[in-house]
Amino acid sequence: MLRHTGLVVRDMEKAISFYGDNFKLKVARDMVESGTYISKMLSLEDVKVRTVKMLDERENCLELLNFLNISSPYAASLISDVGCSHIAFTGEDVDELYS
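This is a predicted model, so every value here is computed, not measured.

S.K.: How should I be thinking about unusual backbone geometry in this particular structure?
M.R.: Leave glycine aside and you will find that most residues have negative phi; peptide bonds, for their part, are mostly trans. Positive phi, close to 60°, is recorded for Lys 24, a residue that is not glycine. With phi around 70°, Glu 59 is a residue other than glycine that occupies positive phi space. Among the secondary structure elements, Glu 59 is positioned in the loop between β3 (48-55) and β4 (61-69). When its relative accessible area of 61% is taken as the criterion, Glu 59 is described as exposed.

S.K.: I keep staring at the packing of aromatic side chains and nothing clicks. Help me out?
M.R.: Each aromatic ring pair is specified by the distance between its two centres and by the angle formed by the two planes. Evaluated as defined, the whole model comprises three aromatic pairs. Measuring from centroid to centroid gives 5.0 Å for Phe 18 and Tyr 19, while their planes differ by 90°, and the two rings are edge-to-face. On the basis of an interplanar angle of 65° and a centroid distance of 5.9 Å, the ring pair of Phe 18 and Phe 23 is categorised as edge-to-face. Accessibility expressed as a relative area gives 40% for Phe 18, which makes it partly exposed. Under the relative-accessibility criterion, Phe 23 is labelled partly exposed at 48%. Among the aromatic residues, those joined into a cluster by ring pairs are Phe 18, Tyr 19 and Phe 23.

Parameters and conventions
- Residues numbered from 1 in each chain as written.
- Predicted model: local features only at pLDDT ≥ 70, side-chain atom pairs only at ≥ 80, totals over all residues.
- Heavy atoms only, no water.
- Helix = DSSP H or I, 4+ residues; strand = E, 2+ residues; numbered from the N terminus.
- Buried < 20%, exposed > 50% of the residue type's maximum accessible area, 1.4 Å probe, protein only.
- Phe/Tyr/Trp six-rings, centres within 6.5 Å; stacked < 30°, edge-to-face > 60°.

In structure tokens, the structure reads:
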């Protein structure tokens, strides 16, 4: 099952307005993620990323990401480029899904 699609944006406020006005998405969660877990997951030291989850009336989710600091220019050119970042799925049995 599709969980959400992630998009990296340059201007979070403009992106929230765009998706809210044009696609009627509503902000469900707005937070700044930092710390060991997110740094390890993204392979970046001391990363801070603002994430905003927006939902439509059927609870389909769009996740907007805005990187607030990047310590490595090389990593920045890969992970924080504006555009589609990732697609997340939810599954009951990852081994069965893989097979």
